[in-house]
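This is what each chain is made of:
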Amino acid sequence: MSSLGADLWRRALRVMPGGVNSPVRSFRSVDSTPFFVGRGEGPFLCDTDGRRYVDYVLSWGPLILGHAPPPVVEAVRLQLERGTSYGAPTEGEVELAERITRLMPAVEMVRLVNSGTEATMSALRVARAATGRDAVLKFSGCYHGHTDAFLVAAGSGVATLGLPDSPGVTRGAASDTMVVPFNDLDAVADALRERGDAVAAVFVEPVAGNAGLIEPLPGFLSGLRELTWRHGALLVFDEVMTGFRVALGGAQARYGVEPDLTTLGKVIGGGLPVGAYGGRRELMERVAPAGPVYQAGTLSGNPLATAAGNAQLAWLEEHDPYAGLEVVARRVALGIATAIRTVGLAAAGTAVGSMMGVFFRGEAPRSFEQAQDSDVRAFRRFHSAMLDRGVFLAPSPFEAGFVSTVHGGAEVDLTLAAAREAAEHVAREMR
Ligand code: KE4
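Residues numbered from 1 in each chain as written. Predicted model: local features only at pLDDT ≥ 70, side-chain atom pairs only at ≥ 80, totals over all residues. Heavy atoms only, no water.

1. What about the overall build of the chain?
The secondary structure content of the chain amounts to 14 helices and 16 strands. Computed over C-alpha atoms, the radius of gyration of the chain comes to 21 Å, within 12% of the 22 Å expected from 2.2 N^0.38 for 431 residues, which places it in the range of a compact globule. For the chain, the C-alpha atoms occupy an extent of roughly 60 × 55 × 45 Å along the three principal directions. Each of the 431 residues in the chain was classed as buried or not, and the buried ones make up 56%. For the chain, restricting intrachain contacts to residue pairs at least 6 apart in sequence, the fraction spanning at least 24 positions comes to 71%. Accessible area of the chain: about 17,600 Å², with a carbon and sulfur share of 52%. (Helix = DSSP H or I, 4+ residues; strand = E, 2+ residues; numbered from the N terminus. Rg over C-alpha atoms; globule rule 2.2 N^0.38 Å. Buried < 20%, exposed > 50% of the residue type's maximum accessible area, 1.4 Å probe, protein only. Contact = heavy atoms within 4.5 Å. Areas by Shrake-Rupley, 256 points an atom, 1.4 Å probe, with all protein chains shown as cover.)

2. Points about the pattern of salt bridges
In a structure, side chains of opposite charge can pair up when their charged atoms sit close to one another. If you walk through the whole model with that rule in mind, you get 23 salt bridges. Between Asp260 and Arg280 there is a salt bridge, with its nearest N and O atoms 2.4 Å apart. Of this pair, Asp260 sits in the loop between α8 (250–255) and β11 (261–264) while Arg280 sits in the loop between β12 (275–279) and α9 (281–284), placing them 20 residues apart in sequence. Given the relative accessible area of 6%, Asp260 is considered buried. The exposure class of Arg280 is partly exposed, given its relative accessible area of 28%. Between Arg381 and Glu429 there is a salt bridge, and its shortest N-O distance comes to 3.3 Å. (Salt bridge = Lys/Arg side-chain N within 4 Å of Asp/Glu carboxyl O.)

3. Details of the packing of aromatic side chains
For the structure on display, the rule yields twelve aromatic pairs. Considering the side-chain rings of Trp9 and Phe36, the 6.2 Å spacing of their centres and the 65° angle between planes classify their relative orientation as edge-to-face. With a gap of 27 residues between them, Trp9 in helix α1 (residues 3–15) and Phe36 in the loop between α1 and β1 (37–41) connect regions that are remote in the sequence. The class for Trp9 is buried, based on a relative accessible area of 13%. Between the aromatic rings of Phe27 and Phe35, the centroid separation amounts to 5.9 Å while the plane-to-plane angle is 90°, which identifies the pairing as edge-to-face. For Phe27, a relative accessible area of 3% puts it in the buried group. (Phe/Tyr/Trp six-rings, centres within 6.5 Å; stacked < 30°, edge-to-face > 60°.)

4. Quick notes on the pairing of β1
In this sheet, strand β2 (residues 44–47) lies alongside β1 in antiparallel orientation, the contact comprising four bridges. The residue of β2 that forms the bridge with Val37 is Asp47. (Pairing = 2+ DSSP bridges.)

5. Comments concerning the sheet that holds β11
Consider a sheet: its strands pair through backbone hydrogen bonds, and that pairing is either parallel or antiparallel. The strand order across the open sheet built from seven strands is β4-β12-β11-β10-β9-β5-β8, with neighbouring strands paired in mixed fashion. Only two strands of the sheet have a single partner each, and these edge strands are β4 (109–113) and β8 (177–181). Going from strand to strand, the sheet's axes swing by 20° on average, the running direction of each strand aside. Sheet analysis places β11 next to β12, joined by four bridges and oriented antiparallel. Among the inter-strand pairings, Thr263 is bridged to a residue of β12, identified as Tyr277. This element, helix α6 (residues 185–195), spans β5 (135–140), β8 and β9 (199–204) of the sheet and lies at about 155° to β8. (Axes fitted to C-alpha atoms, helices over the stretch in contact; angles between N-to-C directions.)

6. Structural notes on helix α14 (residues 409–430)
End to end, α14 covers 31 Å across 22 residues, agreeing with the expected 32 Å (1.5 Å per residue, within 8%). Residues Glu411, Val412, Thr415, Leu416, Ala418, Ala419, Ala422, Ala423, Val426 and Ala427 constitute the buried set of α14. Where α14 is buried, its residues touch β2, β3 (52–55), α11 (322–342), α13 (376–388) and β15 (391–392). (Expected span 1.5 Å × (residues − 1).)

7. Some thoughts on the sheet that holds strand β13 (residues 348–352)
Strand order in the open sheet formed by three strands is β13-β14-β16, with antiparallel pairing between adjacent strands. This sheet does not close on itself; its edge strands, each paired only once, are β13 and β16 (401–402). The pairing of β13 with strand β14 (residues 355–359) spans five bridges and is antiparallel. Note that in β14 the partner of Val352 across the bridge is Met355. Together, β13 and β14 form the strand contacts of α11, whose direction differs from that of β13 by roughly 175°.

8. What about the packing of helix α2 (residues 70–80) against helix α10 (residues 303–319)?
Two elements in contact, α2 and α10, have axes separated by 8 Å at closest approach and are oriented at 150°. In terms of orientation, α2 and α10 fall into the roughly antiparallel class. Both α2 and α10 take part in a crossing whose hand is right-handed. Across the interface between the two elements, Pro71, Val72, Ala75, Val76, Gln79 and Leu80 from α2 touch Pro303, Leu304, Ala307, Ala308, Ala311, Gln312 and Trp315 from α10. The class makeup of the residues in the contact of α2 with α10 is eleven nonpolar, two polar and no charged. (Parallel < 35°, antiparallel > 145°, perpendicular 65-115°, else oblique. Left-handed = near helix turned anticlockwise from the far one by under 90°. Nonpolar A, V, L, I, M, F, W, Y, C, P; charged D, E, K, R; others polar.)

9. Quick word on the side chain of Ser396
By the secondary structure assignment, Ser396 is in the loop between β15 and β16. Among the polar contacts made by the side chain of Ser396, one reaches the main-chain amide nitrogen of Phe398 at a distance of 3.0 Å. Residues within four places of Ser396 in sequence aside, it is in contact with Val24, Ser29, Val30 and Phe379. (Polar contact = N/O pair within 3.5 Å; in protein donor to acceptor, adjacent residues only side chain to side chain.)

10. Comments concerning the site of the ligand
Near the ligand, the surroundings consist of 16 residues, among which Ser22, Thr117, Asn210, Asp238 and Glu399 are the closest. In this structure, a nitrogen atom belonging to the ligand sits 3.3 Å away from a main-chain N or O atom of Tyr143. Separating a nitrogen atom of the ligand from a side-chain N or O atom of Lys266 is a distance of 3.1 Å. Summarising the interface, the protein chains cover 85% of the accessible area of the ligand, which totals 540 Å² for the free molecule. A per-class count over the shell around the ligand returns five nonpolar, seven polar and four charged. (Near = heavy atom within 4 Å.)

11. Notes on the nonpolar core
Formed by 63 residues in total, the largest nonpolar core has its most connected members in Ile100, Phe244, Leu316, Ile336, Ile340, Phe382 and Met386. Counting residues per element, this core draws most heavily on α11, which supplies ten residues. Once residues within four sequence positions are removed from consideration, Phe382 is found in contact with Ile336, Ile340, Phe360, Leu393, Ala419, Ala422, Ala423 and Val426. The next biggest cluster of nonpolar side chains, apart from the first, holds 30 residues, and it includes Met178, Ala189, Val199 and Val204. (Core = buried A, V, L, I, M, F, W, Y, C linked by side-chain atoms within 4.5 Å.)

Here's what the structure looks like:
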C-alpha cells in the first residue's frame, strides 16, 4: 500500500471501527487491507497512489453508468447551486416516484427513504401492520440490510425460530424470523404449513446477490407467489440490488412475478443515498401520514439524491442497455471462470443482467450452503493477484460483481488477460 494509503489506514483504524464505515470495505474477507480511493472515472477507480483499477464493485451496485457519468454530474451540479436539502416537497421526488411506479407496475405507490436497510425495515413494518401477523420468512445468504429482524441465523429445523446473528439483536427480535435455504420451495411450503398463519411476509432477493450471484431456479419465484397467496402472507421482493440492474423493470419484470411489496436502493440514487419501498396502493396508503404506520426521515427524497437518481434512471429508460450489459457481464464472469479452470482449479461463472459472480467450485451454486462449499482460500489469493494486475473484484467470495455501460472491450480484454496471469500465479502458490 502507498505511504499515503498506509497513513490514511493508520488514522482510519484509530477513529472508525475496523477503519471503515461498512464492514465489507475492510478487505478482511480477503485477508488484506483496502486501498483508499482518490477518484472514480468511468469504469475505473484510482487510488491515492494513482494506481488505476477496472472496477467491478461500482459502489456495490449503484453506478450502472460508471463513475461520474455526465448526466448525473450535470444534474447534481445544477441542483447543488439551488441548495442541498429543504425538508419540504420538491418536483424531483414526484418525478422519481412517478418514474419508479411507471417502470415497475407492481409498485403503485412508493416512499423514498435513505438506504436499503430503511426500505426493508419499513416494508416489514407495513407487512406486519397489513396482515396483523408478526413472523417473517427469509432465505439463508440473502441480505436485507442490518435491521434486527434480518440479522438472524437459521435455527435448527425448518420452522424453528431464528437465532440472533449479531450481538445486540435480542432473542425476541430474532424469534419472529424463520430462515430457509434459497431455491428450496419445499422448505418454504413446510415452514408455511407449520407457521403460515403467523407469517406476515416472505422476503427474498429474487436474484441472490449477497451470496455471490445465485439465480432463482425455474418456478422458484412463481412458487413463492403461489405459496404466499395460499397462506395469506405478503411476498416482498428485495430489489435493492436487482432493481434496474437485471432489467429495466427489475427482477419482477425479468421473471414475470409480481410481489406485493418491493424494496429498492442503489441504482435509483445514482450513487447518492436513496432507498425506497412500495407496492400495492392499499398497502402503501397505510403509511403515515396517509395511514397509521409510522415512518419518517429528515433527508428522505432529498433534492441532490433525487436529481442523481432521476438523471440515471432517465438515461436507462431512454437507452435500455440491459441486453448489452448482460453480454459484457457474461463475457467477464465466464472468461474469468475459464481462466481459473485452465490452471486446474474448479470455477464457475454466472451472470444475470449487469450482475455477475465467479465461484471457486465446479458448478454454479443453487443455494448459499452450496456457495459456501467453494475454495475461499483460492478466491482470496485470486482477488489479491487481480488487484495487483489492475482489476478490483468484490473483496469477498460472497458478493456479486457489477458491470456498467462504460465497461468496454478494452476493459474486458484487460480483465481476462489479468485473470489468466492471476490464475497461473494462484496455481503456483497453491502447489
Ligand atoms: P443499504 O442499507 O446498505 O443501502 O442496503 C441494504 C441492502 C438491502 N438489500 C439488499 C439486497 C442489499 O444488497 C443491501 C446492501 N448490499 C450490500 C452489498 N452486499 C451493501 C454493501 C455494504 O454493506 O457496504
